[in-house]
Amino acid sequence: MSELFPTETLFVDVLLPVPIPQAFTYRVPRHFTEYVKKGSRVIVPFGRNRVLTGIISEVHGTPPEKYKAKYISELMDEDPIVTENQLWLFQWVADYYMCHAGEVMNMGLPSGLKVNSESRIQVNPDFDREDSLETMEVEILKIIAENDSLSYADLSKFINEIDVTKLVKKLIDKNAIIVYEEVKERYVPKKIKKIRLKASLANKTGVLSLIDQLGKSEKQQQVILTYLSHVAIDDIESKNLHGIDKVFFKEAENSASSLKTLIDKGILEQFEITVSRFDSIDTDSLKEIKLTEHQNQASDAIMDSFAEKQVVLFHGITGSGKTEIYIDLIQKVLESGSQILMLLPEIALTTQIVSRLQKVFGDKMGVYHSKFSDNERVEVYMGVLSGRYQFVVGVRSSIFLPFKNLGLIIVDEEHEISYKQFDPAPRYHARDVAIMLAHKQKAKVLLGSATPSFESYTQALDGNYGLVELNKRFGDAVLPSIELIDMKAERKNDSVRSDFSSVLLEAIEARIKRNEQTIVFQNRRGYAPYMNCEECNWIGKCHQCAVSLTHHLYENTLVCHYCGHTESLPKTCPVCDSLKIKSKGVGTQKIEEDLQEIFPEAGLLRMDFDTTRAKNAYQRIINEFSEGEVDILVGTQMISKGLDFDNVSLVGVFDADKMIHFPDFRSAERAYQMLTQVSGRAGRKEKPGQVLIQTGDPEHPVLSYVVQGDYKGFYHAEVKEREGFRYPPYSRIISVSTKHVEKTVSHKAAGLLVEKLQAKLGSQRILGPERGMVERIRNQYIFDVWIKLEKNKLNMAATKKFIREQITELNTQKEFKSVRFVVTVDVV
Ligand code: ADP
Ligand code: ZN
Ligand code: ZN
């Protein structure tokens with residue numbers, strides 16, 4: 001770059017991790033001009049007394065027109081860590097999802113690569129107007145000066161005041177203090193200390209004479225002998241370079257001081273190497289798989305389809321061996337030398353699939369997961385950049401890794417909503433971004449699912465995607481038989497116990513006797529969904545969200561599942577003081593307790609949000625369950641997908657009604673997916689599977705499609721309804737939610753937005769304002785505006801630009817300045 005502007009001043013555009021519309025331009029100090037490159041990190045001043053880490057998105061010679069460019073303070077990389085491809089993708093995602101490239105960059109880079117910004121406060125050395133301060137402020141200034149600098153948190157401890165931001169702001173305004181961000185690299189590579197012999201001694205004669213010479217110091221001789229026990233004397237010339245771990249000397253109980261003496265004398269050398277944080281995998285256990293005839297046909301059909309289409313949808317029933325087919329394809333692409341990304345939804349199944357993949361690919365594979373630490377993620381990021389990892393399996397954010405030549409992206413369980421990010425921006429859908437990314441890099445995309453999303457299936461039927469089906473389970477396994485249990489009839493017969501039908505309880509009992517396992521599914525965590533007073537009908541509600549609080553038994557608390565607010569359970573009704581407050585409805589915690597009471601001898605486990613917070617909790621529960629000591633696994637949607645247990649022959653769905661009656665145009669699609677996926681956990685090996693679904697509405701059409709396993713029939717019936725209302729897949733939906741502490745302000749802003757949008761787009765396309773699904777969250781009142789845009793009729797880019805302008809216009813009006821407008825493109 002610098003040759004282009006040999007004498008002129010250089011400027012760089014910098015993407016900053018803040019929600020601002022465009023990159024900021026900075027001036028490059030002379031001593032950096034030769035080194036600045038697109039994609040390198042820089043530290044820059046931003047606003048008043050702030051510094052941020054950003055990425056250079058452009059190097060040029062044009063100063064900005066509207067402001068005077070500041071200098072960059074520091075250049076962090078000589079070689080760029082963000083590729084041109086990524087910069088392109090950040091911008092594409094920002095444009096498509098109506099947010100800012102800096103926000104995309106911020107989420108796409110592991111935080112370990114961004115310098116840590118902890119705001120700190122120091123006294124301004126140029127300050128000389130103590131007379132302008134109040135007594136309290138003088139005191140505070142003294143405290144800060146005594147400590148050199150303090151973080152916000154430290155300061156609040158010192159002065160015993162929870163919120164110090166106002167105080168600090170006042171002091172900044174008076175120029176008495178400076179706020180800055182502590183700048184330090186957060187990524188710490190893991191190093192180990194190693195020891196080797198001085199090169200000139202590292203041969204047979206050298207070693208022998210050395211041992212001889214050390215004869216008088218037995219302890220030093222011992223150290224050398226320990227070394228030789230790891231590095232064979234005949235092989236010493238080739239192995240010495242790598243040395244051995246320093247800990248080996250400790251393990252051999254060698255004298256530490258003798259080791260030190262030998263190092264000081266220059267006989268031994270100490271050196272450090274950077275190692276991977278991931279446990280190295282025992283490559284001896286690598287497994288070879290052989291596809292069955294049906295699987296081979298499917299794999300060939302996928303390859304054939306790729307000859308014509310960029311995207312192929314692979315519709316294979318649960319247990320058909322989709323993972324094995326992915327493995328086969330990955331091996332083929334690895335041979336071609338291109339990169340491969342396999343996306344997994346962020347759910348429990350990642351651990352099981354990852355360990356299956358690791359058995360095949362060993363440490364050639366990088367794993368990118370949100371449960372990993374920053375350092376681990378940085379390692380995978382840098383490993384993709386350097387080419388160390390040709391194949392990565394990861395959750396949705398792994399689409400932002402620095403790939404250079406992708407050949408294949410696999411999106412497993414492509415229908416999963418966890419591919420969509422809800423908060424914060426970018427509110428992207430990883431499957432859709434993956435298709436764009438693949439398009440850019442001329443790679444192929446395989447979308448796999450037993451219950452494809454309507455979007456993808458429609459594309460396949462329209463001929464835009466290839467379609468490959470596999471309708472046979474692996475081996476002798478067959479799909480389980482699915483039966484509905486009519487809870488109304490059961491209640492009439494008085495055969496219900498703790499909301500369990502006699503049919504389900506008998507089936508569970510039979511499994512316990514036969515030493516087979518059961519999964520019980522209920523999509524509600526906690527003990528009971530709400531507390532209710534039987535005298536006055538009081539219901540425990542969150543004071544800042546419009547939802548009822550969930551009873552958690554063990555902690556004896558009421559918890560808000562939206563904001564996390566927790567309070568202790570009242571002993572009497574807060575309104576009428578009655579003792580008759582009872583928990584209503586049933587969560588996983590209560591099911592676990594009831595089952596334990598009914599089957600006191602049975603082993604039980606529970607898997608839900610509450611039991612899986614710890615890093616390895618999923619793995620522990622999965623291991624324990626697959627080892628077979630446990631009879632029943634109770635869980636939320638976490639257990640419904642992807643899991644593969646040999647010994648599960650019964651799946652019980654505790655309550656299907658909430659799912660099928662959820663007020664959303666996608667509820668039927670979701671219910672079908674959820675019930676089919678959870679059913680798919682039964683009978684995956686030799687033992688035939690049975691599924692029992694408890695419902696008060698056994699005539700519901702979705703349920704009969706599930707029972708028959710008729711995806712196509714369900715799709716065609718459901719899609720007809722959608723067409724009538726112009727819902728996706730016949731349109732795209734953009735939602736704009738307004739959020740404000742005052743209901744009237746939030747409502748008015750949403751109402752005005754509707755008017756503005758309708759004026760240009762017509763009233764057919766704009767719905768709302770509607771109260772949010774939950775009307776109030778964290779004290780903010782929410783109203784939703786929906787924009788339905790037919791496919792292929794409108795210029796999407798122009799329409800989005802128009803919507804953005806209307807929001808900006810409203811947001812600059814005084815009345816609506818503090819309203820938050822949250823835009824979601826492609827609502828799921
Ligand atoms: P799906 O993802 O389609 O639900 P899986 O890939 O989990 O199915 O396969 C179901 C089970 O069958 C797994 O335990 C898997 O290891 C086994 N399996 C599938 N295909 C083969 C094969 N060709 N050889 C050995 N085991 C297989
Ligand atoms: Zn009451
Ligand atoms: Zn709340």
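Keep in mind that this is a model prediction, so the values were computed, not measured.

1. Here's the deal with the nonpolar core
V93, V392, I399 and I787 are the most contacted members of the largest nonpolar core, which has 114 residues in total. Filtering out sequence-adjacent residues up to four positions away, I787 remains in contact with R732, I733, I734, V736, L757, L761, R765, I766 and I803. Membership of the second largest hydrophobic core comes to 30 residues, among which are V333, L334, I410 and L470.

2. Points about the packing of aromatic side chains
Across all of its chains, the model carries 21 aromatic pairs by this definition. On the basis of an interplanar angle of 85 degrees and a centroid distance of 4.9 Å, the ring pair of Y457 and Y711 is categorised as edge-to-face. Highlighted residues: Y457 in helix α16 (residues 454-461) and Y711 in helix α24 (residues 711-725), separated in sequence by 254 residues. Y711 carries the same exposure label as Y457, and that label is buried. Through a chain of ring-to-ring contacts, the aromatic side chains of F454, Y457, Y672, Y705, Y711, F714 and Y715 assemble into a single cluster. Positioned above the aromatic ring of F802, the side-chain terminus of K760 is 4.8 Å from the ring centre. A cation over a ring is seen here: K788 above Y727, with NZ or CZ 4.7 Å from the ring centre.

3. With respect to the pairing of strand β3 (residues 41-46)
Across the six residues that make up β3, a large majority, five, are buried. Of the strand pairs in this sheet, β3 and strand β4 (residues 50-60) are connected by six bridges, and their pairing is antiparallel. Bridging across to β4, F46 finds its partner in R50. Note: β3 against strand β5 (residues 74-75), two bridges, orientation antiparallel. When the bridges of β5 are listed, V42 appears paired with L75.

4. Quick look at the site of ligand 1
Taken together, 17 residues sit near ligand 1, with K290, Q295, G319, K322 and D644 positioned nearest. In isolation ligand 1 has 560 Å² of accessible area, and contact with the protein removes 87% of it. Ranked by residue count, the leading element in the shell around ligand 1 is helix α12 (residues 322-336), at three residues.

5. A few points about the coordination of the zinc ion (ligand 2)
Note on the zinc ion (ligand 2): its protein donors are C533 (SG), C536 (SG), C573 (SG) and C576 (SG). The metal-donor distances range over 2.3 to 2.4 Å. Relative to the metal, the four donor atoms surrounding the zinc ion (ligand 2) lie at angles of 104 to 115 degrees, and the coordination shape comes out tetrahedral.

6. What about the sheet that holds β3?
Spatial ordering of the open sheet is given by β2-β1-β4-β3-β5, a layout of five strands whose pairing is antiparallel. Either end of the sheet is taken by a strand with one partner, and the two such strands are β2 (24-27) and β5.

7. Things to note about the UniProt feature "binding site: Zn(2+) 2" (unreviewed entry) in the protein
Residues given the UniProt feature "binding site: Zn(2+) 2" (unreviewed entry) here are C542, C545, C560 and C563. Spanning 22 residues, the annotated positions come together in the fold, the maximum distance between their C-alpha atoms being 8.7 Å. With respect to the helices and strands, C545 occurs in the loop between β23 (530-533) and β24 (550-552). Along the polypeptide, C560 turns up in the loop between β25 (557-559) and β26 (566-568). Discounting chain neighbours no more than four positions away, the residues touching C560 are C542, C545, V547, L549 and H565.

8. What to know about the pairing of strand β28 (residues 604-607)
Going residue by residue along β28, you find L604 and R606 tucked away on one face and L605 and M607 tucked away on the opposite face as well. Pairing of β28 with strand β29 (residues 632-635), which is carried by four bridges, proceeds in the parallel orientation. Its bridge partner lying in β29, M607 is registered against G635.

Calculation notes
Residues numbered from 1 in each chain as written. Chains lettered and ligands numbered in written order. Predicted model: local features only at pLDDT ≥ 70, side-chain atom pairs only at ≥ 80, totals over all residues. Heavy atoms only, no water. Core = buried A, V, L, I, M, F, W, Y, C linked by side-chain atoms within 4.5 Å. Buried < 20%, exposed > 50% of the residue type's maximum accessible area, 1.4 Å probe, protein only. Contact = heavy atoms within 4.5 Å. Phe/Tyr/Trp six-rings, centres within 6.5 Å; stacked < 30°, edge-to-face > 60°. Helix = DSSP H or I, 4+ residues; strand = E, 2+ residues; numbered from the N terminus. Lys NZ or Arg CZ within 6 Å of the ring centre and 35° of its normal. Pairing = 2+ DSSP bridges. Near = heavy atom within 4 Å. Areas by Shrake-Rupley, 256 points an atom, 1.4 Å probe, with all protein chains shown as cover. Donors = N, O, S within 2.8 Å, 3.2 Å for Na, K, Ca; no water. Tetrahedral: all angles 85-135°; square planar, octahedral: opposite > 155°, others 65-115°. UniProt positions renumbered as here; feature names shortened; annotations may be inferred.

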